[in-house]
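Observations on the model geometry
Single-letter residue listing:
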Amino acid sequence: MKTSRLSLLVVLGLASCAAPPGDPPVDAPSNLVSSCPTSEIAFTKETGCMNDGSVEFCLPTGHEALVARVREIAPTIEARSSRGRAGCNVPAETLYFFPTGEAECVAHHGALVDAAWDKICRIAALPEVRKIVPTWYE
């Protein structure tokens, strides 16, 4: 009898550790890793950090809801007023940089970590994003 009570307590204790149902956290990998829209990305996961510290893309200027959505995916993006390598149509589009620092890369000029590649894939899946390219300064 004591063994069955102990077993029941162990099972209930483990069940209380389970995550509640609902949306996964923003940093949790999505299902896009297997269905990443690579035709919009000018690099691979393995070459994702071969750049001058970021990759870049364009978003429509003034579309704050879209920018907020992208910031939910990648809070560290930065905006600049330039055409960039992504070829933004200024002033209709704004250039955004997704940093590829130590947290995003396995090594300097190496591959992207899974979480960073997932974020790139999720951004590339947005219909407003035409392409994501490496940043190279001259």
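Let me sum up the structure you'll find in this document. What you see is a predicted model; the values in this text were computed from it and never measured.

**What about the state of the cysteines?**
- Counting across every chain of the model gives 3 disulfides.
- The disulfide partner of Cys 49 is Cys 105, and the S-S distance across this bridge is 1.9 Å. Across the disulfide from Cys 49 to Cys 105, rotation about the S-S bond amounts to roughly -95°, and the bridge is consequently left-handed. Taken as a pair, Cys 49 in the loop between helix H1 (2-15) and strand S1 (54-60) and Cys 105 in the loop between strand S3 (93-99) and helix H3 (114-124) lie far apart in primary sequence, 56 residues in all. For the pair Cys 49 and Cys 105, one class covers both residues: buried.
- Sulfur-sulfur distance for the disulfide between Cys 58 and Cys 88 comes to 2.1 Å. Note on the Cys 58 and Cys 88 pair: the S-S dihedral is about -100°, so by sign convention the disulfide is left-handed. In this pair, Cys 58 is assigned in strand S1 and Cys 88 in the loop between strand S2 (78-80) and S3, connecting sequence segments 30 residues apart.
- Residue classification places Cys 88 among the buried positions, given a relative accessible area of 0%.

**Some details on the pattern of salt bridges**
- Here the structure, examined in full by the defined rule, presents 4 salt bridges.
- For the salt bridge of Arg 130 with Glu 93, the shortest nitrogen-to-oxygen distance reads 2.3 Å. One end of the pair, Arg 130, is in the loop between H3 and strand S4 (133-134); the other, Glu 93, is in strand S3, with 37 residues separating them in the sequence.
- Take Arg 130: its relative accessible area is 44%, and that puts it in the partly exposed class.
- Residue classification places Glu 93 among the buried residues on the basis of a relative accessible area of 13%.

**Examining helix H2 (residues 64-73)**
- For H2, the complete set of buried residues consists of Leu 66, Val 67, Val 70 and Ile 73. Down the axis of H2, the sector holding all buried residues measures 110°, keeping them to one side. Structural note: H2 exposes Glu 64, Ala 65 and Glu 72 on the side pointing more than 90 degrees away from its buried face.
- The secondary structure elements touched by the buried residues of H2 are S1, S3 and H3.

**Here we look at the packing of aromatic side chains**
- Within the structure shown, the criterion is met by 2 aromatic pairs.
- Here Phe 43 and Trp 117 contribute two aromatic rings whose centre-to-centre distance is 6.3 Å and whose plane-to-plane angle is 70°, an arrangement assigned as edge-to-face. Pair noted here: Phe 43 is in the loop between H1 and S1 and Trp 117 is in helix H3, with a separation of 74 residues, a long-range link.
- We classify Phe 43 as buried; its relative accessible area is 10%.

Reading the values: rules and limits
- Residues numbered from 1 in each chain as written.
- Predicted model: local features only at pLDDT ≥ 70, side-chain atom pairs only at ≥ 80, totals over all residues.
- Heavy atoms only, no water.
- Disulfide = S-S within 2.5 Å.
- Helix = DSSP H or I, 4+ residues; strand = E, 2+ residues; numbered from the N terminus.
- Buried < 20%, exposed > 50% of the residue type's maximum accessible area, 1.4 Å probe, protein only.
- Salt bridge = Lys/Arg side-chain N within 4 Å of Asp/Glu carboxyl O.
- Arc of directions from axis to C-beta.
- Contact = heavy atoms within 4.5 Å.
- Phe/Tyr/Trp six-rings, centres within 6.5 Å; stacked < 30°, edge-to-face > 60°.

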